[in-house]
Amino acid sequence: MLDAPAPARLIEAFVNTVDVELGTDELDTAGGLRTWLAARGLLDRDGVVSAEDHALGLRLRTGIREELGVNVGDTADAALLAGADEALRELPVLITAGGRYAGAGVLFPAPDLPPARKALAGLAIAWSELAITGQSARLKRCAEHACAWVFWDVSKNRSRRWCSMRVCGNRAKARRYTAKRTASGARPA
């Protein structure tokens, strides 16, 4: 089984702060975002998250969720993706240019960013690393629209569609079966 790398686990946790099924959002306030970032060591516990930082974080999360939810035949919401791109532009990241053994190629937040923006830039870095390496293709949003949970696809051919075959996969298959039987005129069992 292929374990998710640290950047994937961070992004998975970030985008799963909204629970479609329960209708909850851990980041519904700036304080919620501060608590979440601090719990992951991205921000000091006494760090300040402004309303603007909060809005920036939500745009980033929404755009990433949209990107991860695009299945074959689906079209992503261009406005949501553009919002994430805009958020990423507001979170400048630098790369070390040191010598061969001096940590060249390490991404880090621009040093002049305020603490909350540095924390959000840490999420931008994680997302960038996944996108650059192609590992973002293993992060997927559950095809069950009532769920929409993001998961790490461990299948060899990256074909997994549901976060849980036992729950979401079963729901989808049961609906298809019922629809097929109804369409053919058969009475449901």
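The notes below deal with the structure included here. Quick caveat, the model's predicted, so the values are computed rather than measured.

## Focus: the overall build of the protein
- In terms of regular secondary structure, the protein is built from six helices and six strands.
- By the burial criterion, 37% of the 189 residues in the protein qualify as buried.
- Nonlocal contacts in the protein, meaning residues at least 24 apart in sequence, comprise 49% of its contacts between residues at least 6 apart.
- If you sum the accessible surface of the protein, you get close to 10,800 Å²; carbon and sulfur atoms cover 56% of it.

## Section: the packing of helix 3 (residues 51–68) against helix 5 (residues 115–133)
- Helix 5 packs onto helix 3 with a crossing angle of 10° between their chain directions and a minimal axis gap of 10 Å. In terms of orientation, helix 3 and helix 5 fall into the roughly parallel class. For the pair helix 3 and helix 5, the contacting residues are Glu52, Asp53, Leu56, Gly57, Leu60, Ile64, Glu67 and Leu68 in the first and Ala116, Arg117, Leu120, Leu123, Ala124 and Trp127 in the second.

## Quick word on the pattern of salt bridges
- If you walk through the whole model with that rule in mind, you get six salt bridges.
- A salt bridge links Arg59 to Glu86, with the nearest nitrogen and oxygen atoms 3.4 Å apart. With Arg59 in helix 3 and Glu86 in helix 4 (residues 78–89), this pair connects stretches of sequence that are 27 residues apart.
- One connected set of salt bridges, linked through shared partners, spans Asp53, Arg59, Glu86, Glu90 and Arg117.

## Description of the nonpolar core
- One finds Ile11, Leu37, Leu123 and Leu139 to be the most contacted residues of the largest nonpolar core, which totals 32 residues.
- Of all the secondary structure elements, the ones that give two or more residues to this core are helix 1 (6–15), helix 2 (30–39), helix 3, helix 5 and strand 6 (150–152).
- Looking at which element gives the most residues to this core, the answer is helix 5, with nine residues.

## Some remarks on unusual backbone geometry
- For Ala148, which is not glycine, the phi dihedral falls at a positive 60°.
- Note on placement: Ala148 falls in the loop between strand 5 (139–141) and strand 6.
- We classify Ala148 as buried; its relative accessible area is 7%.

## Some thoughts on the environment of Arg59
- The class for Arg59 is partly exposed, based on a relative accessible area of 26%.
- The sequence separation of Arg59 and Leu81 amounts to 22 residues, and the corresponding C-alpha distance is 8.8 Å.
- Not counting the four nearest positions on each side in its chain, Arg59 is found in contact with Gly83, Ala84, Glu86, Ala87 and Glu90.

## Digging into helix 5
- Given a rise of 1.5 Å per residue, 19 residues ought to cover 27 Å, and the 27 Å separating the end C-alpha atoms of helix 5 matches this to within 8%.
- Buried within helix 5 are the following residues: Ala116, Arg117, Ala119, Leu120, Ala121, Gly122, Leu123, Ala124, Ile125, Ala126, Trp127 and Leu130.
- Note on helix 5: the residue one or two positions beyond its end, Gly134, has a positive phi of about 85°.

## Comments concerning the environment of Ser136
- In this structure, Ser136 sits in the loop between helix 5 and strand 5.
- The exposure class assigned to Ser136 is buried, which follows from its relative accessible area of 18%.
- Once the C-alpha coordinates of Ser136 and Leu68 are considered, the two residues, 68 residues apart in sequence, prove to be 8.0 Å apart.

## Focus on the state of the cysteines
- Applying the stated rule across the entire model yields zero disulfides.
- Cys142 takes part in no disulfide bond, and the closest cysteine sulfur, belonging to Cys168, lies 3.7 Å away.
- For Cys142, a relative accessible area of 3% translates into the label buried.
- Unpaired in terms of disulfides, Cys147 finds its nearest cysteine sulfur in Cys163, a separation of 3.6 Å.
- Owing to a relative accessible area of 6%, Cys147 belongs among the buried residues under this scheme.

Criteria and thresholds
Think of each chain on its own: its residues are numbered from 1, step by step along the sequence as written. In keeping with the predicted nature of the model, local features appear solely for residues at pLDDT of at least 70, side-chain atom pairs appear and are counted solely at 80 or more, and the whole-chain, interface and lining totals rest on all residues. By convention in this description, side-chain values take in all heavy atoms of the structure and omit both hydrogens and water. Per the convention used, a helix needs a DSSP run of H or I reaching at least four residues, while a strand needs a run of E reaching at least two, with both numbered from the N terminus. Burial classes follow relative accessibility: with a 1.4 Å probe on protein chains only, a residue under 20% of its type's maximum area counts as buried, one over 50% as exposed, and anything between as partly exposed. Throughout, a residue-residue contact means that at least one pair of heavy atoms, one from each residue, lies within 4.5 Å. The Shrake-Rupley method, run with a 1.4 Å probe, gives the accessible areas here. Residue values count only the displayed protein chains as cover. A fitted line through C-alpha atoms serves as each axis, taken over the contacting stretch for helices, and the angle formed by two N-to-C directions is quoted from 0 to 180°. Oblique is the label for any angle not under 35 degrees, not over 145, and not in the 65 to 115 range, which are roughly parallel, roughly antiparallel and roughly perpendicular in turn. What counts as a salt bridge is simple: a side-chain nitrogen of Lys or Arg found within 4 Å of a carboxyl oxygen of Asp or Glu. In these notes, a set of buried Ala, Val, Leu, Ile, Met, Phe, Trp, Tyr and Cys residues joined through side-chain atoms within 4.5 Å is what counts as a nonpolar core. Each helix should span, by expectation, one fewer than its residue count multiplied by 1.5 Å. Cysteine sulfurs are considered disulfide-paired once they come within 2.5 Å of each other.

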